[in-house]
Amino acid sequence: MDQIIHDYLASITLGEAQDYKNITVFPLFSNSNHGPEYLTLKEAMGSGTFVVTEVSEGGTVPELKVINKGEKAVLLLDGEELSGSKQNRVLNATILIAAHTEVIIPVSCTEHGRWSYTSAHFADSDTMMAYRVKRENARNVACNLQHDMSYQGDQGAVWDGIAEMANDAGVESRTGSMKDVFEARKNDLDAFLKTIPPYPHQKGILVFINGKVAGMDIVSSESACAAIHPKLLKSYTMDALLDKKKTRQPRTSDAKKFLQETAQCKEQKYKSVGLGWDYRFEAPQKVGSALVSEDSVIHMAFFAIEEGEKVGNMSSFVRRRGYRVN
């Protein structure tokens, strides 16, 4: 594992566990790796200096155009959703967009049944792809990077995951929108947010669902963590809501073990679409990614793979459905 990433993993410490129903969240802290300054997607769009549009009037599903007119870089997180324009999309990778830069970014559709303009520009939907769908998309992006250097995901798998989530949540959406599912369960999700607030100086979360580790996300900036905490937590708690079980309470030693095991993952390194380098990790029961820029880990995420699943599957090549819309 790259020394910068290895050292950052070693620097992470755990806060006191936060429990609510069938979810346990360990706050993550680190005193190292402050890295370059940047704004989050929500902050940048709120300032009016960051614009996201279709790549052309006709648009193309797997790509969007971003224009950063501001003085600071902007961090877009893997799984963050953009709503509006011809259809809602999510980021296929974490990308750091430099100041005064225009970039074409890789995305997946999260609104299967719409291909018509509702607005000229996109907005931050305040939603992040649900954990299980995001994990599967991360695996497929990693597979496509390995085989054809593409940040493309498996669009069919994304649509299937959203449809399954909507069915489990008992939500019907006219356009098959992921955002509609989150909005329909807003009160339930808000209860988790009220019970599990971010701590001062926190940089990430490590989450257990039903007593089993689900995954972790950590960023280099305390202020960025505070800004993304609600949507990041909702990403995990949507799955917790739909899969309630009575299980044992996870221990701090379980969280420490997961962090220690991530350092054993094999890695591949790719040039990021934006600033820095995109690292992809895999192990028998883990998949992960990290964005490194200016010798600092900007964002890192690792997900647990359930027993019986295989990392590095070829689904994006054998079952890709293309980019149709209904």
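Basis of the calculations
Residues numbered from 1 in each chain as written. Predicted model: local features only at pLDDT ≥ 70, side-chain atom pairs only at ≥ 80, totals over all residues. Heavy atoms only, no water. Phe/Tyr/Trp six-rings, centres within 6.5 Å; stacked < 30°, edge-to-face > 60°. Helix = DSSP H or I, 4+ residues; strand = E, 2+ residues; numbered from the N terminus. Buried < 20%, exposed > 50% of the residue type's maximum accessible area, 1.4 Å probe, protein only. Lys NZ or Arg CZ within 6 Å of the ring centre and 35° of its normal. Salt bridge = Lys/Arg side-chain N within 4 Å of Asp/Glu carboxyl O. Pairing = 2+ DSSP bridges. Axes fitted to C-alpha atoms, helices over the stretch in contact; angles between N-to-C directions.

### Some thoughts on the packing of aromatic side chains
Counted according to the given criterion, the structure contains six aromatic pairs. Considering the side-chain rings of Tyr20 and Phe192, the 4.8 Å spacing of their centres and the 85 degrees angle between planes classify their relative orientation as edge-to-face. You can see Tyr20 sitting in strand E2 (residues 18-20) and its partner Phe192 sitting in helix H6 (residues 186-195), a full 172 residues away along the chain. Ring geometry for Tyr131 versus Tyr236: centroids 5.4 Å apart, planes at 20 degrees, classification stacked. Placement of the pair is Tyr131 in helix H3 (residues 131-148) and Tyr236 in helix H7 (residues 222-242), with a sequence separation of 105 residues. Of the two residues, Tyr131 and Tyr236, both sit in the buried class. Counting every residue linked through ring pairs, the aromatic cluster contains Tyr131, Tyr236 and Phe303. The aromatic ring of Trp277 is capped on one face by Lys269, whose charged end is 4.5 Å from the ring centroid. The ring of Trp277 is capped by Lys271, whose NZ or CZ atom sits 6.0 Å from the centre of that ring.

### Here's the deal with the pattern of salt bridges
Under the defined criterion, the tally for this structure stands at 19 salt bridges. Between Lys179 and Glu183 there is a salt bridge, with the nearest N and O atoms lying 3.3 Å from each other. Here the residue Lys179 and the residue Glu183 both occupy positions in helix H5 (residues 178-184), the gap between them amounting to four residues, near one helical turn. Taken together, the shared-partner salt bridges in this structure form one network comprising Arg132, Asp239, Asp243 and Lys245.

### Observations concerning unusual backbone geometry
Backbone geometry at Asp126 places phi at a positive 65 degrees, although glycine is not the residue there. Following the sequence through the fold, Asp126 ends up in strand E12 (residues 122-128). Exposure remark for Asp126: the relative accessible area of 31% places this residue in the partly exposed category.

### So, the sheet that holds strand E7 (residues 73-76)
Across the sheet, which stays open at both edges, the three strands sit in the order E4-E7-E10 with mixed pairing between neighbours. Of all the strands in the sheet, the pair left with one neighbour each is strand E4 (38-40) and strand E10 (95-97). Pairs of neighbouring strands in the sheet enclose a mean axial angle of 30 degrees, with direction left out of account. With three bridges joining them, E7 and E10 adopt antiparallel strand pairing. Looking across to E10, one finds that Leu76 is bridged to Ile95.

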